[in-house]
Structures are given as C-alpha cells and as structure tokens.
Amino acid sequence: MMLGCIATMQLDGLTMDLIHKDSPQSPLYPGNLPPGEQILQPAACPFAGLHHQTSMMSTNKAVMNRMMSPLTSYGDPFLFLAQVGVGSFQEKSHRTHFKTYYFQIDTGNELSWIQCEGCQNKGNVCFPHKDPPYPSSQSKSYYPVSCNQHSFCEPNQCKEGLCAYNVTYGPGSYTSGNLANETFTFYSNHGKHTALKSISFGCSTDSRNMIYAFLLDKNPVSGVLGMGWGPRSFLAQLGSISHGKFSYCITANNTHNTYLRFGKHVVKSKNLQTTKIMQVKPSAAYHVNLLGISVNGVKLNITKTDLAVRKDGSRGCIIDAGTLATLLVKPIFDTLHTALANHLSSNQNLKRWVIHKLHKDLCYEQLSDAGRKNLPVVTFHLENADLEVKPEAIFLFREFEGKNVFCLSMLSDDSKTIIGAYQQMKQKFVYDTKARVLSFGPEDCEKNG
C-alpha cells in the first residue's frame, strides 16, 4: 500500500497504466517478491492457466447467461491491473493523502468495488490479501449511501440502513456490502495526481470463493474497476471526462505495460474497422454480432442458431478484455477444433501432443523450426468488420522438458462465446458506448497505443 498527495484539475480525458501481472511494474512480478515468495507455474503443466479455465467452466455454466466475470469464470484473474488511489486520509502534517490499491479491470460487469474493513466483522469473510482491507471509517471523503437515497440503489435492498449490493459471479462465489461514494485518485499524464470525487462503488464486507484466494497473503488485488454497460460503471461515472469512450491495446510483450485511455485521450488511429456493440440485459458485457468464423479464408459450417442471442440471454458473442482465452459454444468450438486439426495434420514437422487425458486439448510438439511455419489464421466475421487472429494469438507457445510445444488457446463452453484478451493481442480496441460502436485494428501497442 502506498500513500500519495491529492490534487484536482479539470479533465477532458484520462490515461491510466494497464499493468500486466507479469510486467516489472506488477506487484506479482517475480523480481518484486521477496525470495521464497515467488509464484511458480506448476512444472507438470505449462498450460496451467488454460486448464484452470476449463475447471472453472464446469461450475459456472448455470450463471453464464446472468453474470460473467474474470474473477471466477474463465482465465487468469490478474491479466491487467490498475493502480487507484482511494480515500482522503489526514496525516500528522495536516496534508491529505490517499491509499493506493490494485484493481482488476473488468469490462464484463458494471459495479466497481473494493474489499473494506467490514469484512473482518463476525460472520463476514475477507479474501486473503497482502495488505489490510480498505479502512473506510478513517477516510474523510467516504460517504455510505443511505437506503433508497440514490438512483444506484436497488429498491428496498438495504442492510443496517444502508444501500446494499450483492454481485454473484458463480455458484457459491459472490461479493456483498454497501454502496458508498468516495474520492478516487489517478496519476495523470499531466504529472500530477488527479482526484475524482464522489465515485460510487461497492464497499465489500463479505466475499466468498474468490479466485484471488489461491495467492493467499501474496494477493495484491483489492477489488474491481467495472467498465461494462450501466450507470454505475466507472466509465459512465466519468461523464464528460470519458464521453462514454475508452480504448486499450494489448501487447504481446508482458514486460511492457499498455494504457487504458478515456475521452479525448483516446489516440486516433487510421484504418480501424467498426462494428456494432450492444447490451443484452441484464448482462453489462459488450455484445457483438458474430456472423461466422473462417480458417485460412475457408468459412466454417456454423449454424445461425449457435451464433445468435437466445431469449434467455445465452449464446451470442461478447468481447471482453478480462477473459484470458476465447470461449466458444460447444458446436462452434467442435467445428473450429476439427478444422484446425485437419489443417495441422498435414504438417510433417508437427506431432500431436497430449497434456492430459481428461482435456480435449489441441496440442502439438514442433519437431523442427519448420513446424511453426504455415500455421493457420482464424477470422471472426463480425457485422461489417473482420477480426483476424494470427497464429501467435491462436496458440499458446511454451518450452516444456526441452520440447517446443503449443496448444490451442480457445476453450469450449455450454452457454457463451467470448472473444478473450489473448485473441485481442496486437490490436487496438476503441469502445464508443454513446455511438454504440467498437473500432479495432492492428497496432504496435508498445508505441503508446
């Protein structure tokens, strides 16, 4: 936890560092952890992240059409972090400071929240964290919202006279607490800290079965910055600062951070394609019209019923930076899996490789350097735009026991198709929620994209 001084200024945009969990600026970067506390990938499974996604899917199918989140659903829960200063604390010098926490960026949900000190009360549960929970009672700018006294309150959803919230991410996994207003502070490109007052958020006093718990006391993530549809999202609360627009660019190099930009700070780029984004209530995620998929220009035989949104909110296609690997509903996944396997079977420099008998992996060992040549390209045909995914974003490449191996970095799901962050690599994405369009195209993300 860090302290910083608060300053205010008028903004027409905002730029935040998106910190990849493996970058030197991340608290999870091995060089930033004391000896003996470094988090290691299991040696027996070089694709542990994908296997973890698979295991989580079996528990989340029932709620996929209601709520999706990188917290408990599909993938690495620490793909991107943002540093946010929270609160106003009076020091002995009479200067006002904030406390800095790491938030996970969540484009699939609306509400932002942080774990608060109330989780230590009898009967409540805190998820493990390397720092104490947020001391809301000590902040001069913390104002809990009284029951039914704010448009963000759910009618008559109250606890001890305060406006309550409850977000469910999967069976047995949820966060609950009270809504409050607080000052959030960001390090701006003006070289000063910029304070945004009266940001509404959830003060979490009870959280169960969060994936963050697997890091135990090494976990640096205190909460979530909600970027989805809805008036309670951080994006919407920025108002004229964001004008409903934000962008990100996912680099293939984890040692480099990228940026989350809002409003006029979104850098203009040439030759971006544009497609429509929609909200399918009650989900706060960004839906796009997926019309088909091609492998090396050959369109796959996929039925419209597997692509379209159903009345219960299932099926359809979401684009999400918080989900690690792309999910495809089973009929689409099986069709793509077969097409890729057929293509790769003709490459004599590859050998099919089995990680685990229980997983339907599409993995190969490279018998020579030529094995990496002529790998296929997958194209997602969206409405009025084509998202072309290169081999380095289709497969996950690793060295294991002296072998060069790779696996398909997409997974099967019973409910949703989600284009995840790994398949968005080396592309810039601009979300304009007022115009309801998503623009994207190839970009060198390390050049200030």
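You'll find the structure just up there.
Thresholds applied
- Every chain begins its residue count from 1, and numbering advances along the sequence as written.
- Reporting of local features is limited, given that this is a predicted model, to residues whose pLDDT is at least 70; pairs of side-chain atoms are given and counted only at 80 or more, and all residues count toward the totals for whole chains, interfaces and linings.
- No hydrogens and no water enter the side-chain calculation; it runs on all heavy atoms of the structure.
- Under the pairing criterion, centres of Phe, Tyr and Trp rings, with the six-membered ring standing for Trp, must be within 6.5 Å; the plane angle then separates stacked pairs below 30 degrees from edge-to-face pairs above 60, leaving the rest tilted.
- Only DSSP runs of H or I covering at least 4 residues are called helices, and only runs of E covering at least 2 are called strands; the numbering of each starts at the N terminus.
- Think of it in three bands: with a 1.4 Å probe and only protein chains considered, a residue is buried below 20% of the maximum accessible area for its type, exposed above 50%, and partly exposed in between.
- Counted as over-ring charges are cases with an Arg CZ or a Lys NZ within 6 Å of the ring centre that also lie within 35 degrees of the ring normal.
- Here, a salt bridge means any Lys or Arg side-chain nitrogen found within 4 Å of an Asp or Glu carboxyl oxygen.
- Definition of nonpolar core: a set of buried residues of the types Ala, Val, Leu, Ile, Met, Phe, Trp, Tyr and Cys, connected through side-chain atoms within 4.5 Å.
- Residue contacts are counted whenever heavy atoms from the two residues lie within 4.5 Å of one another.
- We call a pair of cysteine sulfur atoms a disulfide when they lie within 2.5 Å.

Colleague: Which residues make up the packing of aromatic side chains, and what are the values?
Modeller: Any two aromatic rings considered together are summarised by their centre-to-centre distance and by the angle between their planes. Across all of its chains, the model carries 20 aromatic pairs by this definition. Where Phe246 meets Phe262, the ring centres are 6.4 Å apart and the plane angle is 40°; that geometry is what we call tilted. Of this pair, Phe246 sits in strand 12 (residues 245–249) while Phe262 sits in strand 13 (residues 258–263), and the two are 16 residues apart along the sequence. Overall, the relative accessible area of 0% leaves Phe262 in the buried class. Here the aromatic residues Phe186, Trp229, Phe234, Phe246, Tyr248, Phe262, Tyr286, Phe429, Tyr431 and Phe440 are joined through ring pairs into a cluster of three or more. Over the face of the ring belonging to Phe89 we find Lys99, whose NZ or CZ atom lies 4.8 Å from the ring centre. A cation sits over an aromatic face here: Arg261 above Tyr259, 4.8 Å from the ring centre.

Colleague: Account for the pattern of salt bridges, naming residues and giving values.
Modeller: Here the structure, examined in full by the defined rule, presents eight salt bridges. Between Lys330 and Asp334 there is a salt bridge, with its nearest N and O atoms 2.7 Å apart. Here the residue Lys330 and the residue Asp334 both occupy positions in helix 4 (residues 330–345), the gap between them amounting to four residues, near one helical turn. For Lys330, a relative accessible area of 42% translates into the label partly exposed. Its relative accessible area of 21% is what places Asp334 among the partly exposed residues. Residue Lys426 is joined to Glu392 by a salt bridge in which the shortest nitrogen-to-oxygen separation is 3.6 Å. Of this pair, Lys426 sits in the loop between strand 27 (417–419) and strand 28 (427–432) while Glu392 sits in helix 5 (residues 391–394), and the two are 34 residues apart along the sequence.

Colleague: Quick one: what's the story with the nonpolar core, residue by residue and with numbers?
Modeller: Counting residues in each nonpolar core, the largest one holds 81 residues, and the members touching the most others are Phe234, Phe262, Ile293 and Phe380. With six residues, the single largest contributor to this core is helix 4. Setting aside anything within four residues of it in sequence, one finds Phe380 in contact with Leu290, Gly292, Ile293, Thr326, Leu328, Ala385, Asp386, Leu387, Val389, Met410 and Ile419. Residues Trp113, Tyr165, Tyr169 and Val224 belong to the second largest nonpolar core, which totals 13 residues.

Colleague: For the state of the cysteines, give the residues involved together with the corresponding values.
Modeller: Defined simply, a disulfide is a covalent bond joining two cysteines at their sulfur atoms. Scanning all chains against the criterion turns up six disulfides. Bridging Cys249 to Cys445, the disulfide has an S-S length of 2.0 Å. When the S-S torsion is -70°, as for the bridge of Cys249 with Cys445, the disulfide is left-handed. With Cys249 in strand 12 and Cys445 in the segment after strand 29 (437–442), the pair connects residues that are 196 residues apart, well separated along the chain. Cys445 gets classed as buried once you look at its relative accessible area, which sits at 4%. Shown here is the disulfide that connects Cys363 with Cys407, its sulfur atoms set 1.8 Å apart. With the S-S dihedral at roughly 105°, the linkage between Cys363 and Cys407 falls on the right-handed side. Residue Cys363 is located in strand 21 (residues 363–366), and its partner Cys407 is located in strand 25 (residues 403–408); the two are separated by 44 residues in the primary sequence. For the pair shown, Cys363 and Cys407 are each scored as buried. Within the chain, bonded cysteines paired by disulfides and numbered along the sequence follow the pattern 1-8, 2-3, 4-6, 5-7, 9-12, 10-11.

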